[in-house]
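Descriptive structure summary
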Amino acid sequence: WLAIASLKRSTFPLLQISQELLSLLRAGVSLVEAIETLAEKEQSAETRGVLGRILEELRSGKPLSVALDGFPQVFPALYVASVRASERTGDLTDALGRYVKYRQQVEELRKKVVSALVYPVLLLGVGALVTMFLLAYVVPRFSRIFEDRGGDLPFLTRLLIQWGSFFDQHTAAV
């Protein structure tokens, strides 16, 4: 759940940038040139700024993982750890490919969970509205009929009548 919750903490398009970076690296473009290309074509000032600062870090000789680590609100720890491990093995494209696949799976799972929750939430909402209508409108009207009838009523019926009377007298407060 933490991975799903952390997906919304930034407007930085991490999945898209990772996919584009992966494509450029697989095409044989160097890491610095790939990030430079991504920064140049980027329309969002925030994203362009992050890529620009990463580019500065790379040009100053720092590893990519150190540059990414400077933006914890944008790059999750798993992403940075994957890049750091790939720097030791020299296989950044595989690490990015695995992370992209992971993110796609998390997004797919999130969409499934959200779509699976739509029906129960809708059902609960409609059920709550119907219950409130019954308690606010129908029960107070019918409670008068039972009060006029008199006699010995079951406990739950008396409780419902008391609720109806209370609601009828205190509608605004309820």
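Residues numbered from 1 in each chain as written. Predicted model: local features only at pLDDT ≥ 70, side-chain atom pairs only at ≥ 80, totals over all residues. Heavy atoms only, no water.

So, the packing of helix α3 (residues 31–41) against helix α4 (residues 45–59)
For clarity, the threshold we go by: Note on geometry: axes are C-alpha line fits, over the in-contact stretch for helices, and angles between N-to-C directions span 0 to 180 degrees. Helical segments are the DSSP runs of H or I of at least four residues, strand segments are the runs of E of at least two, and each set is numbered from the N terminus. Each angle receives one of four descriptions, namely roughly parallel if under 35 degrees, roughly antiparallel if over 145, roughly perpendicular if within 65 to 115, and oblique otherwise. Each helix crossing is assigned a hand: it is left-handed if the near helix lies turned anticlockwise from the far helix by less than a right angle, otherwise right-handed if that turn is clockwise. Contacts are assigned to residue pairs with any non-hydrogen atoms lying within 4.5 Å of each other. Amino acid classes used here: Ala, Val, Leu, Ile, Met, Phe, Trp, Tyr, Cys and Pro are nonpolar; Asp, Glu, Lys and Arg are charged; the rest, including Gly, are polar.
Relative to each other, α3 and α4 sit at 160°, their axes nearing to 9 Å. The orientation of α3 relative to α4 falls into the category roughly antiparallel. For the crossing formed where α3 meets α4, the hand is left-handed. Residue-level inspection shows L31, V32, I35, E36, L38 and A39 of α3 in contact with α4, the latter providing R48, L51, I54, L55, L58 and R59. Each residue belonging to the contact of α3 with α4 can be placed in one class, and the counts come to nine nonpolar, no polar and three charged.

Structural notes on the nonpolar core
This is how the line gets drawn: In this text, buried Ala, Val, Leu, Ile, Met, Phe, Trp, Tyr and Cys residues form a nonpolar core when linked through side-chain atoms within 4.5 Å. Type-normalised accessible area, obtained with a 1.4 Å probe on protein chains alone, sets the label of each residue: buried when under 20%, exposed when over 50%, and partly exposed for intermediate values.
If you look at the biggest cluster of nonpolar residues, it comprises 27 residues, and the most contacted ones within it are F12, I35, I54, L64, L68, F75 and Y79. Those elements giving two or more residues to this core turn out to be α2 (14–26), α3, α4, α5 (64–69), α6 (77–89) and α7 (92–149). Sequence-distant contacts of I35, that is, excluding residues within four places in its chain, are made with L21, L51, I54, L55, L58 and L64.

Focus on α4
How we decide: An expected span of 1.5 Å times one less than the residue number is assigned to each helix. Throughout, the arc means the angular range of directions from the helix axis out to the C-beta atoms.
With 15 residues, α4 extends 21 Å from end C-alpha to end C-alpha; this agrees with the ideal 21 Å at 1.5 Å per step. For α4, the full list of buried residues reads T47, V50, L51, I54, L55 and L58. The arc enclosing the buried residues of α4, seen along the axis, measures out at 140°, which places them on a common side. In α4, the exposed positions that point more than 90 degrees away from the buried face belong to A45, E56 and R59. On its buried face, α4 sits against α2, α3 and α5.

Read these as layout, nothing more, since geometry by itself doesn't imply function.
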